[in-house]
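This is what each chain is made of:
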Amino acid sequence: MDEKLDLTVQESSTTTGNETEGIPPPGGDHRIQFAVTSRPEHKNEDTSNFIAPGRRSQSVASGTRRPMSIHSIPPVYTEKERKRRKREEDEEKKAVNIDEHLLGHQEVADRYHTNINLDKPAESLGLTTHQAEQLLQEHGPNILTPPKKKHPILKFLGYLTSLFNMLLIVAGCLEYILLGIDFKDNFPNTYLGAILILVAFINAFIEFYQQYKSQALLESFLNMIPAKCMALRDGKLSQIDASTLVPGDIVYARMGDKTPADMLVFSASDCKVDNSSLTGESEPQERTKDNDMRSPLESTNLMFNSTLIISGEAFGIVIRTGDSTVLGQIANLTAGEEKMESPLTHEIGNFVKIIATIAILTALIFFGIAFPVNDNNVSLALNFAIGIFVAWVPEGLPATVTMLLTIAAKRMAGQNVLVKDLQGVETLGAITLLATDKTGTLTRNQMTTTDLWTCNELYETSRRAGAEKGVATIDHPGVIDMLYICALCSKAKFDRTDVPMKEREILGDATESGLIRYATTQLPDYDNLANEFPKVFELPFNSDTKWHMTIHKKAHANGSLTLLIKGAPERVWALCNRFLVGTDGQSEELSAVHKKAYDEIYEGMASKGNRVLGFAELLLPGDEYPEDFVFDKKAKNYPLGNFVFVGLAALQDPPKHGVREAIGRCRAAGIKVIMVTGDHPLTAEAIGRKINLMLSETKQMIAKRLDKPVEEVAEDESRAIVVHGEQIDGLTDADWDNIFWKDEVIFARTSPKHKLEIVRRAQSMGHIVGVTGDGVNDAPALKKADLGIAMNMSGSDVSKEAASMILLDDNFASIIKGIEEGRLIFVNLKKSIKYTISHIIPEVIPNLLYVIVPIPLPLSAILILVIDLGFELIAALSFAWDPPETEDGLMHMPPRKPVTPKNADTFRRRALRRTQSRYDEQTGVVIPLEDRTMIQKLVHTVKQFFTKVYWVDKFENTGGEVLVDGPLLSWAYIEIGMIEAVGCLVSFFVVMQRRGISPYDAHIMQKGQSSPTNYWTKNAEPYTNKNGVFDAATQVDILAEAQSMYYWAVMTLQMFNLFASKTRLTLPFGKYMFSNRATFYSILGGSALAAFIIYTPGVEIVFGTTRSLSPLYWLVPMAFGLVIIAYAALRIVIQRRARPVKFNPEVVGLQMFPTIYSFRSRNRSVSSNN
């Protein structure tokens, strides 16, 4: 939601703005004149260390040029996307354009069969009640069609049928299939199967409940109260529900009301509306019965649904209701967009496919091995295959991921960031491009007086760091005169006067509110000014004169009345013949010197994007205008010239506190921040340069500095660009790529459709896009983005519904906290998964050896369940509270999926394969395969699996970091997993050896486990070796003690792995290891659980353990645990040398010093602490 620049600035700076931004004159070519596609060239370099283009040094003095490159693959669209785009184009052609603003009032009344009175609008008859009832049946209620919502049960089933949960359910069902194979021996597996299925349901419930709570909180923010409005029916003015309005109704709207429908104004009195949520214009727009604009959105006699009336009153004819309104059309555009799948959802899905593939292949392979080894015993081989499949499934991982995200979401809520979708927590940390609007997001949406020019002196209105000008005070000549004009020549008022100034709300338009707010800080006893200098005459501001005049009883040396005037500088200047030079009205004749100074100051203020107003006064002579003189508008018996020019005031919607530092941190974190605004290019660029968003020179600036035409400046010489909305529709694919390869980008004068297209284009390059916004016009882009971020306090209901995340305090700086939290949760999730799946190998290896060698089963199914859902789950959750390894380290690393030229081509090449399209390098065009049947598409997909291109593309390094990658799987399944498996097996056999059973004896006895010897069972025959005779009870006790030791060894080794998995940059010991108390609580809890299962009387019967396990055996896994720590440290040292971590280079020119406000806040906090 963004503003347009005030007319006073546009008149004087339109030409300058067009020249600055390269906007051609009307009727000219609106295309941006690009050279051939220019992208950074990176030959013979390690792309893994490549930093995203947006992160390169922004030094203005840099002379590095980016060489030209061959054409890249253009954007690739799915068949669904192509159909949607074609549907949008068709709907645009079919759309009935509003033309009522071009017709006469009576003509419109006749069209809608209503009766109006142009002379006395309050006496209009309007529709009859019978007409209204019929039209309501025909057109339906005046409400927007609510977005379709899934039934809660369907939502729950959606979570339940996620890939991970389905894998758990399948694994659980397979356990019951084992009952049909061997009911007696496999009966204990029914517990495991039931719990696996239960875990899937619990995990789905946790996700569903978290989403339900967020949605409930969101709905509490939405305005659900039915709106009322004043309408004329049967000639009577009455209050009715806005939902019952129909086309043809006559509506009376006044200050403070929201326009209930789209309507044509046929009578207005000083009426101004705030269109900011709809069109992006934050400056109130005047509404009159007359209009000379062809565009409906720019017409002055149309009022649109949901826009707020700032001042005055108006009568209008309803011409559109419900979904037919402009608001409804934007809402429909939003409904047509689909949410992008989050990176985390995509990567977890890939991980589940990897796990499922490994599990199925392993089960099939070892079924084939176990079948001949066990004398072609199908039952045993199948039992073994299903057991192997289940052992591969990390049962506790889905719950761990969900709980980690839930904990992070709660932390973010504490920082005023509400997450509607759990996956959005991590998505915020993964974004590579943040597209933000300006007004209300980056700026305060509150006009503030910044500079004064009076008596030929330029002042600032407040002290700031690095200021070069003095601060205006009432002691300076002319300042007091300007303050009186600000305070008295105004229609703005305070809502109340019984509270301090800072707590009051100003009723009036943004410009006058900014002047009043400044005047109150400088003038003593402001509340009594109106009584001290009463107003005797007023000419309000209008679009013809562009000035506001008041006359007050304010005495001076020559009389009792003073005329005050403010407005468009050039209009006010034209009415003046003298120039104020001192106190008490001292002035001199205007001269060329004054004109030159005025032009320079005015141009300087306007070029910075400021709204500029001119001030003048006239001390009315008492002999001509006595105190009781009666001024008359019709007689025009008031002065209209020969005024004294007092000065100029510059106003600006200033950046919010903390925004500059927040954008600086975003850029230091490797995130490209672009501004997408409906504002004027000059204003947008001026704000962008104040908040670290734009530091480099545009082509126009370079051309001016080098004194040569813009056309002669090569495209690769500039790193910054400001794109006007008029140019967007004509951009080619190459143009879009050129824009996004710039380091600093601002899109100005954009429409909702433009914002949506910008998001789509960025996503087509592989960007993970975050979009912030608060207006209805932002909603389509919010929904299409990977992460839509809406504002709570200033945001519209439509934008909140479309977004995935809401800033409760409307503070842009909260996004930085969210990004840091998102990056941290990704790192912690990765560590948690790395830790969790490491215990799979110590669970799978025993099953393999049990069948293939064979040896006694070291770990029973029930103990596997206790590991996965016992201390493993507790320990995995402890990672949620791990802090970053280094202070600010996360925010100085590139995004985990940086967008580089190579990565963008890889992304699009994969899109080609996914959409079954092909790229013609000769023409540079993507050719989709159309009119293919489902069978043809299926055959094409199957064929892809047997092509070299598919597998090369599948395993190509994309330059990004994924949740579960090769190094993580290597750590879990090959490195630490194997160390743990060896350590556990050694512990297992040490116990057996101490009890007299050697590994060879164990192998022999296991081969005789079945009838007639039945070793290791309660019915076993005695086994004799050199250490003695072992009866059935002794065999069962030895196996129980050895299994207890294996279970304890897995727990112990995983505790050491808990520390080894924590670090990536630092060694796994030292201060960081003690930074998370939850780690030690989890170790304590896990140890207590293991001790309870092994040493508690009675419990051993359930879990098949024994209390006779000696603590002396604990030393064996502890020794292997030290090996794990040593190996992890060695691994980190080697990685530091082989693949050192690359941080983002410093962005030259960032202004990260605190503002005066920050200093004051810091001083107040220090004082309060003292």
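Going by the structure above, here's the rest.
Our subject in this report is the structure included herewith. Quick caveat, the model's predicted, so the values are computed rather than measured.

### Here's the deal with the overall build of the chain
Here is step 1 of the chain: Looking only at helices and strands, one finds 41 helices and 31 strands in the chain.
Here is step 2 of the chain: Burial status across the chain gives 55% buried among its 1170 residues.
Here is step 3 of the chain: Of the contacts formed within the chain by residues at least 6 apart in sequence, a portion of 74% connects residues at least 24 apart.

### Some words on the packing of aromatic side chains
Here is step 1 of the chain: According to the stated counting rule, one finds 30 aromatic pairs in the structure shown.
Here is step 2 of the chain: Ring centres 5.7 Å apart and planes at 10° place the aromatic pair F1074 and F1080 in the stacked group.
Here is step 3 of the chain: Exposure remark for F1080: the relative accessible area of 32% places this residue in the partly exposed category.
Here is step 4 of the chain: Site record: aromatic cluster; members linked through ring pairs are W453, W573, F579, Y598, Y602 and F645.
Here is step 5 of the chain: The ring centre of F533 lies 5.7 Å from the NZ or CZ of K554, which sits over that ring.
Here is step 6 of the chain: Across from the ring centre of W971, 4.3 Å away, lies the NZ or CZ of K834, which sits over that ring.

### Some details on the pattern of salt bridges
Here is step 1 of the chain: Enumeration over the complete set of coordinates arrives at 32 salt bridges.
Here is step 2 of the chain: The residue D882 makes a salt bridge to K1062 at a minimum N-O spacing of 2.7 Å. Of this pair, D882 sits in the loop between α31 (871-877) and α32 (901-915) while K1062 is found in the loop between α37 (1032-1060) and α38 (1077-1095), placing the two residues 180 residues apart along the sequence.
Here is step 3 of the chain: Measuring nitrogen to oxygen at the nearest pair gives 2.7 Å for the salt bridge that ties R1131 to E975. Of this pair, R1131 sits in helix α40 (residues 1115-1138) while E975 sits in helix α35 (residues 966-994), and the two are 156 residues apart along the sequence. Summarising the burial analysis for this pair, R1131 and E975 share the class buried.

### A word on the pairing of strand β21 (residues 643-652)
Sheet faces and side chains relate simply in a regular strand, where the side chains alternate between the two faces.
Here is step 1 of the chain: Counting buried positions along β21 gives 10 out of 10 residues, so the element sits mostly inside the fold.
Here is step 2 of the chain: Bridge count between strand β18 (residues 576-580) and β21: 3 bridges; the pairing is parallel. What sits directly across from F579, in β21, is F645.

### What about a nonpolar patch on the surface?
Here is step 1 of the chain: On the surface, L361, I365, I369, I852 and V853 cluster together to form a nonpolar patch covering roughly 380 Å² of accessible area.
Here is step 2 of the chain: Per-element tally for the nonpolar patch: the top contributor is helix α11 (residues 343-373), with 3 residues.
Here is step 3 of the chain: Among the structural elements, I365 can be located in helix α11.

Definitions and limits used
Residues numbered from 1 in each chain as written. Predicted model: local features only at pLDDT ≥ 70, side-chain atom pairs only at ≥ 80, totals over all residues. Heavy atoms only, no water. Helix = DSSP H or I, 4+ residues; strand = E, 2+ residues; numbered from the N terminus. Buried < 20%, exposed > 50% of the residue type's maximum accessible area, 1.4 Å probe, protein only. Contact = heavy atoms within 4.5 Å. Phe/Tyr/Trp six-rings, centres within 6.5 Å; stacked < 30°, edge-to-face > 60°. Lys NZ or Arg CZ within 6 Å of the ring centre and 35° of its normal. Salt bridge = Lys/Arg side-chain N within 4 Å of Asp/Glu carboxyl O. Pairing = 2+ DSSP bridges. Patch = residues over 30% accessible without salt bridge, like charges linked within 9 Å, V, L, I, M, F, W, Y side chains within 5 Å. Areas by Shrake-Rupley, 256 points an atom, 1.4 Å probe, with all protein chains shown as cover.

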